[in-house]
Structures are given as structure tokens and as C-alpha cells.
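Understanding the architecture of this molecule
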Amino acid sequence: MTVSETLQHVEQMVDENPRADVTETFTEWRALLTELRDRVTARFAVERDASTVDLETYGDAGSGPAGSLAAYSGPEVDWMVHSWIGDPRTGFVNLHLTVWLGPSSRVPHLGIAMLLWPEGWFYVDTIPRVDLVADGDYFDRYYDGQDAPWLDFKVEHPDFAWFTSRTGFIRTSLSPVAHCYSFPPTRANLDSVAAALRERVDLWLSWVERGDPVPETERAALADRDLAIRRNIAERDPANVMGERMFGAELTGRLVRALWGGDRVSPRPSA
């Protein structure tokens, strides 16, 4: 079996490909991400954090780049982000749904991202709360059972090229069963992405229901670890350069802070 691979930075993928209107696919993906968000909020009680209310819309979607970012928190959710940024008429848009759980549970976090450049790209992962090599029981509980489906996806979807970030930190942030691929946005491939995202959310919600409680004496340390990981991923993301291109350093800095909760108003569940 030959597996293709993408080794470009996001800005290279954008700059080296012809521009195209991706509004139709963008609209479809917004609906898919909203569906998945609604499934999460049906399980968890969350409220909008006031620090992101004015980011509900920014830019001007009628004439150029625009976006939306909404962050939420609740008794069991430390930080949830539902967002998009880009200009679908010119072929670039990036969408996110991330759910970072509070420290009362050791269930992995959920991360989803979708990108049009104008080809397709998607990422979905369940982000571990421990060092997987050090905690074999945790690996067995959440990751061992995903080996076969992860390998099957590679075999069954030859159109999908594995995306290898040129930034070592980002490669380190992936679990061993993350999906991170670029692909031609054909109807069949878009359906495969939607199925993969729904399946992973189903699995993650089943873990939430099963539970994995954390002793109270360990929760503060877990909350600190979660925040450090979330902040590092947001601040070190090489794709932040695309935000700066569209909106400048000041607004992009605020958007990055919103991804990890740097300006949050609501208390953290560990407080």
C-alpha cells in the first residue's frame, strides 16, 4: 500500500493553488459543525463566555475575509470553541470545534478542524490527559481500540494524503490515532469526512457517559496541564499567519487568546 503525504505549510497550500469559490462546501461544513456542537451541548450545560460575544461576527463576509468565534464553559467543560475564519469566495476557510473538559474527568478532550484552501483538509483527535507512554492503562482504555479503524481509514481512502506538519511541536500534539489529511473535495470524500467526524464524536460521547473520575486532590494539577497544552497549541499553530494576513496582528492575537481562554470572564471548573 502506498500512502501519499502532504508536507507543505498552510500558507504554501493556499499560495500555490488557484483560487476558487468554496461557498457551497463551506456552508455544508458549517452545518455539520453546528450539528456536532449541538450534540455536545445536548450533553453538557454550557454558557457563552462574555469575552467572545463581540466576536460573533467580525470582518465583512460581503466584501472580504470574515469570521465568527464563540467560546463556552460550564461545570464539566473548561473551554469549548466553535469558530470559523476566512473568505470562502476566494477558496480559504478554516473551521473549528474543540471541547476541553474540566478536571473532574480524565476523558480525553475533543478536537476538530476543517480547512478549504480550496482543496479539503480535516483533523479530528481525542487529546490525551496523560503521558500515554507512561500510563499504559490509559492508552488501553482510550486508544488501543482505535488502532484498527485508524489503519482501515488509510487503506479505504486512497484519495486522502496524510498531512505532516513541518512544525515538530504540532506533530507532537497529535495522538497516535488522529486523523489529519488533505483530500480532493469530491462528494464521496466529503461524505467520508462527515462520517469520520460523527463516528469520533459518538465514541467520545460514549467515553463521557462511561466516566473517568479524577480524585479532588489531583484536579488542580490536571487543570494546569490542560491549560498549558491548550495555550501552547493555540499560540504555536503555524496557521496563525493566515489570520494575520487577513486581519492583522492585533485582532489575530485576540482570536488566538480566545482559542485558549486568555481573556475569559467565566470561572474555570476547577476554581
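That block above? That's the structure.
Since the model is a prediction, treat every value here as computed from it, not as a measurement.

Focus: the side chain of Asp212
Among the secondary structure elements, Asp212 is positioned in the loop between helix H6 (187-210) and helix H7 (216-236). What Asp212 contacts, discounting residues up to four positions off in sequence, is Ser104, Ser105, Arg106, Val107, Tyr138, Arg141 and Tyr142.

Examining the pairing of strand E6 (residues 92-101)
Side-chain direction in a regular strand flips from residue to residue, so the side chains alternate between the two faces of the sheet. Judged by how many residues are buried, E6 sits mostly within the fold: 10 of 10 residues are covered. Side chains Phe92, Asn94, His96, Thr98 and Trp100 of E6 all project onto a buried face; the interleaved residues Val93, Leu95, Leu97, Val99 and Leu101 project onto the opposite face, where all are buried too. Across 10 bridges, the pairing between strand E5 (residues 77-87) and E6 is antiparallel. Bridge pairing in E6 places Trp79 opposite Trp100. The turn joining E5 and E6, which pair antiparallel and follow one another in sequence, is formed by four residues; a positive phi near 95° is taken by Gly91.

Some points on the pairing of strand E10 (residues 179-183)
The element E10 is largely enclosed, with a buried count of five among its five residues. Side-chain alternation along E10 places His179, Tyr181 and Phe183 on one buried face and Cys180 and Ser182 on a second face that is also buried. Where strand E8 (residues 120-127) meets E10, five bridges bridge the pair, whose relative direction is antiparallel. By the bridge assignment for E10, Phe122 is matched with Tyr181. With two bridges connecting them, strand E9 (residues 161-163) and E10 associate as antiparallel partners. Note on E10: the bridge partner recorded for Ala161 is Ser182.

Digging into helix H4 (residues 147-156)
Along H4, the residues that are buried comprise Trp150, Phe153 and Lys154. Projection of H4 onto a plane perpendicular to its axis shows the buried side chains occupying an angular sector of 95°, all on one side. Exposed and facing more than 90 degrees away from the buried side of H4 are Val155 and Glu156. In this structure, the buried side of H4 is in contact with E8, E9, E10 and H6.

Quick notes on the pattern of salt bridges
By the definition in use, this model includes 18 salt bridges. Put simply, Asp78 and Arg268 hold a salt bridge, and the shortest N to O gap is 2.6 Å. Of this pair, Asp78 sits in strand E5 while Arg268 is found in the segment after helix H8 (240-260), placing the two residues 190 residues apart along the sequence. When its relative accessible area of 1% is taken as the criterion, Asp78 is described as buried. Between Arg141 and Asp212 there is a salt bridge; the shortest N-O distance is 3.6 Å. Of this pair, Arg141 sits in helix H3 (residues 136-142) while Asp212 sits in the loop between H6 and H7, placing them 71 residues apart in sequence.

Thresholds, definitions, all that
Residues numbered from 1 in each chain as written. Predicted model: local features only at pLDDT ≥ 70, side-chain atom pairs only at ≥ 80, totals over all residues. Heavy atoms only, no water. Helix = DSSP H or I, 4+ residues; strand = E, 2+ residues; numbered from the N terminus. Contact = heavy atoms within 4.5 Å. Buried < 20%, exposed > 50% of the residue type's maximum accessible area, 1.4 Å probe, protein only. Pairing = 2+ DSSP bridges. Arc of directions from axis to C-beta. Salt bridge = Lys/Arg side-chain N within 4 Å of Asp/Glu carboxyl O.

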